[in-house]
Amino acid sequence: MLKKYKIWIDEAGRWPWLWPVVACSMTFNPDNLPDKIFLDTINDSKKLTEKKRDEIFHKLIELSTWVNPQVFFGVWVVDNFLIDEINIKKANKEAMRRSLLELLRKINKEEIWSVLVDWNDNYIFEELEKKPIYVIGWDAKILEIWRASIIAKVFRDNLINTYSLIYPDLNLKNHKWYGKKKHSDYLVDKTKVTGIHRLSYKPIKKIIEKKEKLLLHVCCGPDATIPLVDFKQKYDITCFWYDPNIHPKEEYDKRLEAFRQVCEIENIPFIEWEYDTKTFFDAVKWVEKTPEKWEKCNKCYDFRMEKTAKLAKDLEIENFTTTLTISPHKDINKIFIIWQNLSNKYKLKFLDFDFKKNNWFLRSIDYCKLNNIYRQNYCGCVYSDNYPLKK
Ligand code: SF4
């Protein structure tokens, strides 16, 4: 059988820190070649502007759709998730191999004369009888590969245009993210990493895996459950028990035991502070008769929060927050105001996270049932609305 097809394979998007890699396998139809002027234009591709490249791309697509096509090609995209799973070299090979398979649906494999591939990976494609020829550099051969490259590149650029609408902050039109210093400078924390970043790449991996320290004030075991389950994935947590508002001592001990139980289940280290009831009574003096969620409760949040912030500062823990926000019986806005002030005073980051969100309170009830964790039925102090010994 006459060997007549020369195939060129190239990729786009191999080196950046984000988005997929796109590969194209392409050949001309030797029995119906495009006209010479068009071929010369492509061969002069080193001088092509982006506009001209777009024109050629569209022309190549058009020529491939004719009844007797002048161009055959296959394109394949391997996304950043597979790149992270198998590494970029293998992902690049997979993109090239799948683009080749697409092309082989259109031409007879027995009629392939040669296959040229850009770069020196020396992949072996089982679908081919013999190994491709690998070429590097701008020589005559690479100019042929450039024809495949045009399709891969413009295809990739079109994807970037879409991504730039979804991720305007990445400035993709101007930055191709080839791992320059400005890109690592941009990735200051996890919030900057997007769904198209290649998470297995070292600078990004480092950011993802870096866990900031968090001192989490815990008001009771049940309220710590779901926040710990979720936050321990993101933070290096130390729990802090400081709740001398709880009365009487027997109740305090029960709640402390529940707290220890939860920390043990979630494998979180904790610090217990002393049961200095005097500090609580001093804090709420003159306002103890105010209703729940009012002045006495503000004072009660305040002194416990201050102790937490001070300890975080002493231990050089950069973030602090409290589980108090999970309870529907607490005034979250007042808690946030107190913590914001402390955050400014101690120069710490306060995580103003509302733990009530996403049904965490209801999930914490299930967690306690499942793990047999004691749940209290009044807020804590002797002035609580439902304090059992009030009568
Ligand atoms: S009711 Fe609860 S929040 Fe208010 S002062 Fe008593 S223990 Fe503290």
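About the criteria used
Residues numbered from 1 in each chain as written. Predicted model: local features only at pLDDT ≥ 70, side-chain atom pairs only at ≥ 80, totals over all residues. Helix = DSSP H or I, 4+ residues; strand = E, 2+ residues; numbered from the N terminus. Rg over C-alpha atoms; globule rule 2.2 N^0.38 Å. Buried ≥ 20, exposed ≤ 12 C-beta atoms within 10 Å, placed from the backbone. Domains from an automatic or database assignment. Near = placed C-beta within 6 Å. Nonpolar A, V, L, I, M, F, W, Y, C, P; charged D, E, K, R; others polar. Expected span 1.5 Å × (residues − 1). Arc of directions from axis to C-beta. Pairing = 2+ DSSP bridges. Contact = placed C-beta atoms within 7 Å. Axes fitted to C-alpha atoms, helices over the stretch in contact; angles between N-to-C directions. Parallel < 35°, antiparallel > 145°, perpendicular 65-115°, else oblique. Left-handed = near helix turned anticlockwise from the far one by under 90°.

A.B. asks: I tried to follow the overall build of the protein on my own but got confused; where do I start?
C.D. replies: Helix and strand counts for the protein come out as 13 helices and 10 strands. Against the 2.2 N^0.38 benchmark of 21 Å for 391 residues, the protein shows a C-alpha radius of gyration of 32 Å, more extended than a compact globule. In terms of overall dimensions, the protein has a C-alpha envelope of 100 × 40 × 35 Å along the principal axes. Looking at the 391 residues of the protein, the share that counts as buried comes to 34%.

A.B. asks: Got a minute to help me understand the domain arrangement of the protein in this structure?
C.D. replies: It is common to give the size of an interface as the accessible area that goes away when the parts come together. If you check the domain split of the protein, you get domain 1 (5-170) and domain 2 (212-371). Here the C-alpha centre of domain 2 lies 58 Å away from the C-alpha centre of domain 1.

A.B. asks: What exactly am I supposed to notice about the environment of Lys249 here?
C.D. replies: By the secondary structure assignment, Lys249 is in helix α9 (residues 249-266). Take Lys249: there are 10 C-beta atoms within 10 Å of it, and that puts it in the exposed class. Between the C-alpha atoms of Lys249 and Leu172, which are 77 residues apart in sequence, the distance is 61 Å.

A.B. asks: Can you help me understand the site of the ligand in this one?
C.D. replies: Close contacts around the ligand come from Asn245, Val284, Glu292, Lys296, Cys297, Cys300, Cys379, Gly380, Cys381, Tyr383 and Ser384, and that covers them all. When residues of the shell around the ligand are assigned to their parent elements, the largest contribution, 3 residues, is made by helix α11 (residues 295-314). Residue classes in the shell around the ligand are distributed as 6 nonpolar, 3 polar and 2 charged.

A.B. asks: What am I meant to see in α9 here?
C.D. replies: Because the α-helix completes a turn every 3.6 residues, residues three or four places apart line up on one side. The end-to-end C-alpha separation of α9 is 26 Å, in line with the 26 Å expected for 18 residues at 1.5 Å each. What α9 keeps buried is the set Arg255, Ala258, Phe259, Val262 and Cys263. Down the axis of α9, the sector holding all buried residues measures 135°, keeping them to one side. When the buried face of α9 is taken as reference, the exposed residues oriented beyond 90 degrees from it are Lys249, Glu250, Asp253, Glu257 and Glu264.

A.B. asks: Hey, could you run me through the sheet that holds strand β7 (residues 235-241) in this one?
C.D. replies: Working definition: the strands of a sheet are paired by backbone hydrogen bonds and lie parallel or antiparallel to each other. An order of β8-β7-β6-β9-β10 is seen for the 5 strands of this open sheet, with the pairing classed as parallel. What marks the edges here is a single partner per strand, and that holds for β8 (270-272) and β10 (349-350). Pairing between strand β6 (residues 212-218) and strand β9 (residues 319-322): 4 bridges, direction parallel. Directly across from Leu216, in β9, lies its bridge partner Thr321. The strands touched by α11 within the sheet are β6, β7 and β9, with β6 carrying the most contacts at an inclination of about 155°.

A.B. asks: I tried to follow the packing of α11 against helix α12 (residues 332-346) on my own but got confused; where do I start?
C.D. replies: How two helices sit against one another is set out by the angle between their axes and by the gap between those axes. At their nearest, the axes of α11 and α12 sit 10 Å apart, and the two run at 30° to each other. Classed by the angle they form, the pair α11 and α12 counts as roughly parallel. The chirality of how α11 crosses α12 is right-handed. Where α11 abuts α12, its residues Asn298, Tyr301, Asp302, Met305, Glu306, Ala309, Lys310 and Lys313 lie against Lys334, Ile335, Ile338, Trp339, Leu342 and Tyr346.

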